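Close look at the chain arrangement
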Amino acid sequence: MSLKSIKHYGIDPRRLMSRYIVALSLILFCVAGGHYLSISVVDSIRSSSDLISESINQSARVERVVSAAHMADALKTSTARQRLKAEIDEIEQFHNALLNAAAAEQAVHALYAFGGKGPALDPVMRKFIADARLLTVVEQDAQVAEAALGRLRWVSGGMLPTALQEANQGHQLAGRTFSSRLSMVQNWAFALAVIILIFEAVFIFLPAHRSVRAAVDSLSQQAADLTVARNEVEARNEALEALRSAAEHDALHDGLTGLSNRRGFERRIEALSAAARGANGGVALLHIDLDRFKEINDTLGHAAGDEVLRHVGRVLREEAGPTDVVARIGGDEFILARKSDGRRDALSDLAARIIDRLSRPVSLSGESCQFGASIGIGIGIVCEAGEELDASRLMANADIALYRAKELGRGRYEFFSEDLRDSLESQKSLSDDLILGLERSEFFPYYQPQVDPTSGRLVSVEALARWRHPERGVLGPATFLPIAARLKLTDQIDRAIQNQALKDLAHWDEIGVHVPKLSLNVSSDRLRDPELLELARSGATPRGRVAFELLETMFSDQLDEPARFAVDALQEAGIAIEIDDFGTGHASLLALVSLSPARLKIARELAQPALVSPQHRALVQSVCEIARSLEIGVTAEGVETEAQRVALAELGCDRMQGFFFARPMPADALVESLQEGRLISASGEPIPIAG
């Protein structure tokens, strides 16, 4: 309650305190004053009582002195005189004391000094004392003593008792006066106490009561207001708690599918791991990645992609058990984790069902959409009491298995094994070495001759990539090209091989070693590299003597504008375009007509069986006839025997390469072979080269 609100009720706490101080001061003053007056009056009463007592005692002493004086013979002895003298001294001592005490009371003192109805006590008593002393003097004569004794008897017989009685009555009157004073002091003290209490009640307790009552009323109102405010705060807290719960749910769940996100998965996998550890079990983790999902996004749009992801989420929830953890951890990556005893049969069935259901067509906005899934499975180590399950390692294991499943053709599942880990670590090490190898210019070309099968004349050499690894020696493309593709470094390797091969071609011309044509492999990324066009237009590629081999898979679909522009520009620069590994992709006849390649290279998978397989023979013959009708040359790859050479030549292949003629070789070995006019076949037989 504020000071302003208290003043409103007629009291200021600071003034109230001053009133308390004044009241306490008055009470203290009254108590102290009453106590002092009471003590003073009581002392006076006690003094009057003592004076009355001593006055009575004086009468007794006087009588004893008179009695002693009557016995004249007794005073003749020294002892009697001494006893009488002591009595007289005592009378004189107490008389002086009474006289001094009576000085405090004027009326009593007047009786001592002047007397009242009778004689004054002081002169009578002093005359009595003087006559009594004469009786104690031995040298005095008998007449003096007799006269003193007579006076003594006369005084003690009338005047002295009367004076003593009046003095005693004076002392008694003074005592009654002091008693009246004491009663008056008590009455005044009582009256003053009543007045002070009334003052306190009116000026202190009543305002304090009003102030307290006002404060209590105000506090009651404030308590009611606080109750209302508390209820409002509790309502707000409940709303905030609901918002917090919703925010926490959103933070731990994927907004598109409703599944746990990566953060939520990490929390739930801990609980699943703890449950498995308590049951001495393990945890299996299925890492699911969609196949061809990017194509759906690119062709049908992101809305269709979102619907696919929601469909996948529904399928995984339906396949998951009540205690399983299902999460979406990336764009098209999902996780399903469950307790496992380590047996693979049930996990294989689960993975197969998921792959089967996700490979079925899905209707999106009236259009049928089909995709697939690959799954990597990692199984956690059996958890003994107290052993922790490393969820991150388990995730890494499943990721390794997923990578293996995709590498083997997608649409399948694979279990993690330590061999897979070793292979991946080896590839990781090789990936690091590959990056360093590009920086250190460790990639260089090997050359494999291409021969006219009829004349035996060298018509071209193909530059093939090799890697001079500092520890593993010379490595072929099968070892490093898949790694380079994942690292998106294929174009850099192509650039290194192309630059060195063109330098070698120029060097051969300088030393008089004639190589009619040089074939260079060009990746899709390299084809779109503006530097390649600049290289062709700069004249660094001798016109008519360089061919670029493009994989057939690059023509499976219609070329995009940058690639089509690059092909046209290269052909205008005098560079022949050849389609490599023809027969393994899906290049259409329309693509052949549209692009007008200079040559098709029939893949070894199609050319080698043509000698023994009628189907392959008919297919090779058809390719050669189509190529001939379009004025396109045909090169057969993988020729390894004389019989294959003869058969492929009969079918229409006008150029061949393979181990039958020569293995790929470094530049200096090629120069030596050409200078000697022969090639060394894989069997070690020298094959003459027509000039």
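Residues numbered from 1 in each chain as written. Predicted model: local features only at pLDDT ≥ 70, side-chain atom pairs only at ≥ 80, totals over all residues. Heavy atoms only, no water.

A few words now on the pattern of salt bridges. Side-chain pairs of opposite charge can arise whenever the charged atoms involved come near each other. Per the stated rule, a full pass over the model turns up 34 salt bridges. A salt bridge links Glu241 to Arg244, with the shortest nitrogen-to-oxygen separation between them at 2.6 Å. Here Arg244 and Glu241 lie together in helix α6 (residues 142-252), a separation of three residues that amounts to about one turn. Here Asp356 makes a salt bridge to Arg360, at a shortest N to O gap of 2.7 Å. A relative accessible area of 38% means that Asp356 is categorised as partly exposed. Residue class for Arg360 comes out partly exposed when judged on its relative accessible area of 44%. It is possible to trace a salt-bridge network through shared partners that takes in Asp289, Asp291, Lys406 and Arg410. (Salt bridge = Lys/Arg side-chain N within 4 Å of Asp/Glu carboxyl O. Helix = DSSP H or I, 4+ residues; strand = E, 2+ residues; numbered from the N terminus. Buried < 20%, exposed > 50% of the residue type's maximum accessible area, 1.4 Å probe, protein only.)

Side chains of Phe190, Val194, Ile198, Val202 and Phe203 sit close together on the surface and give an oily, nonpolar patch of about 470 Å² of accessible area. Along the chain, Ile198 falls in helix α6. (Patch = residues over 30% accessible without salt bridge, like charges linked within 9 Å, V, L, I, M, F, W, Y side chains within 5 Å. Areas by Shrake-Rupley, 256 points an atom, 1.4 Å probe, with all protein chains shown as cover.)

Of all residues in the protein chain, 84% have pLDDT values of 70 or greater, and the mean over the chain is 81. Looking across the protein chain, the model is least confident in helix α1 (residues 3-7), with a mean pLDDT of 51, and most confident in strand β8 (residues 443-451), with 96. (pLDDT = per-residue confidence, 0-100.)

Before going further, it helps to examine helix α21 (residues 642-651). Along α21, the positions that sit buried rather than exposed are Gln644, Arg645, Ala647, Leu648 and Leu651. On its buried face, α21 is in contact with α19 (604-607), α20 (614-629), β15 (633-636) and β16 (655-656). (Contact = heavy atoms within 4.5 Å.)

Moving on: unusual backbone geometry. One non-glycine residue, Ser441, lies in the positive phi region at around 55 degrees. The topology assignment puts Ser441 in the loop between α12 (418-439) and β8. Positioned with a positive phi, Asp581 is a non-glycine residue whose angle comes to about 55 degrees. Among the secondary structure elements, Asp581 is positioned in strand β13 (residues 576-582).

Okay, the pairing of strand β2 (residues 325-328) next. What you see with β2 is no split at all: Val325 and Ala327 on one side and Val326 and Arg328 on the other are buried throughout. Sheet topology note: the β2/strand β3 (residues 333-340) ladder contains four bridges and is antiparallel. Bridging across to β3, Ala327 finds its partner in Ile335. From the end of β2 to the start of β3, which pair antiparallel, there are four residues. (Pairing = 2+ DSSP bridges.)

Right, let's talk about the packing of α20 against α21 for a bit. Viewed as axis vectors pointing N to C, α20 and α21 meet at an angle of 45 degrees, and their least axial separation amounts to 9 Å. Here α20 is positioned oblique relative to α21, judged by the angle of their axes. Contacts between α20 and α21 involve Arg617, Val620, Gln621, Cys624 and Arg628 from the former and Ala647, Leu648, Glu650 and Leu651 from the latter. (Axes fitted to C-alpha atoms, helices over the stretch in contact; angles between N-to-C directions. Parallel < 35°, antiparallel > 145°, perpendicular 65-115°, else oblique.)

What follows deals with helix α13 (residues 477-486). For α13, the complete set of buried residues consists of Phe480, Ile483 and Ala484. Each buried residue of α13 lies within a common arc of 100 degrees when the element is viewed along its axis, so the set occupies one face. Packed against the buried residues of α13 are α12, β8, β9 (458-469), β10 (473-475) and α14 (490-511). Lys488 occupies a position one or two residues after α13 and carries a positive phi of about 55 degrees. (Arc of directions from axis to C-beta.)

Next up on the list: the packing of aromatic side chains. A full pass over the atoms with the stated rule returns seven aromatic pairs. Seen in terms of ring centroids, Phe444 and Tyr446 are 5.6 Å apart; in terms of plane orientation they differ by 65 degrees. Their pairing is edge-to-face. Accessibility classification places Phe444 together with Tyr446 in one group, the buried group. A centroid spacing of 5.0 Å and a plane angle of 85 degrees characterise the contact between Phe660 and Phe661, whose relative ring orientation is edge-to-face. (Phe/Tyr/Trp six-rings, centres within 6.5 Å; stacked < 30°, edge-to-face > 60°.)

Positionally, Arg328 belongs in strand β2. Overall, the relative accessible area of 16% leaves Arg328 in the buried class. Within the structure, Arg328 has its side chain in polar contact with the backbone oxygen of Gly331 (distance 3.0 Å). If near-sequence neighbours (up to four positions away) are discounted, Arg328 is found in contact with Asp254, Leu256, Thr257, Leu259, Ser260, Asn261, Arg262, Leu309, Glu333 and Phe334. (Polar contact = N/O pair within 3.5 Å; in protein donor to acceptor, adjacent residues only side chain to side chain.)

The next point concerns the environment of Ile579. Relative to the helices and strands, Ile579 resides in strand β13. Between the C-alpha atom of Ile579 and that of Leu551, which follows or precedes it by 28 residues, the distance is 5.8 Å.

This next bit is on the layout of surface pockets. By volume, the largest pocket amounts to about 860 Å³. The wall of the largest pocket is formed by 34 residues, among which Glu462, Leu464, Leu481, Asn521 and Asp580 lie closest to the centre. When contributions to the lining of the largest pocket are tallied by element, the ones reaching two or more residues are β9, α13, α14, β11 (518-521), β12 (546-551), β13 and α19. Per-element tally for the lining of the largest pocket: the top contributor is β9, with five residues. Its residues assigned to classes, the lining of the largest pocket comprises 15 nonpolar, ten polar and nine charged. (1 Å grid on protein atoms, 1.4 Å probe; cavity = no way out; pocket = protein on both sides within 12 Å on 5 of 7 lines; lining within 4 Å. Points joined across faces, edges and corners; volume = space filled by probe spheres on them. Nonpolar A, V, L, I, M, F, W, Y, C, P; charged D, E, K, R; others polar.)

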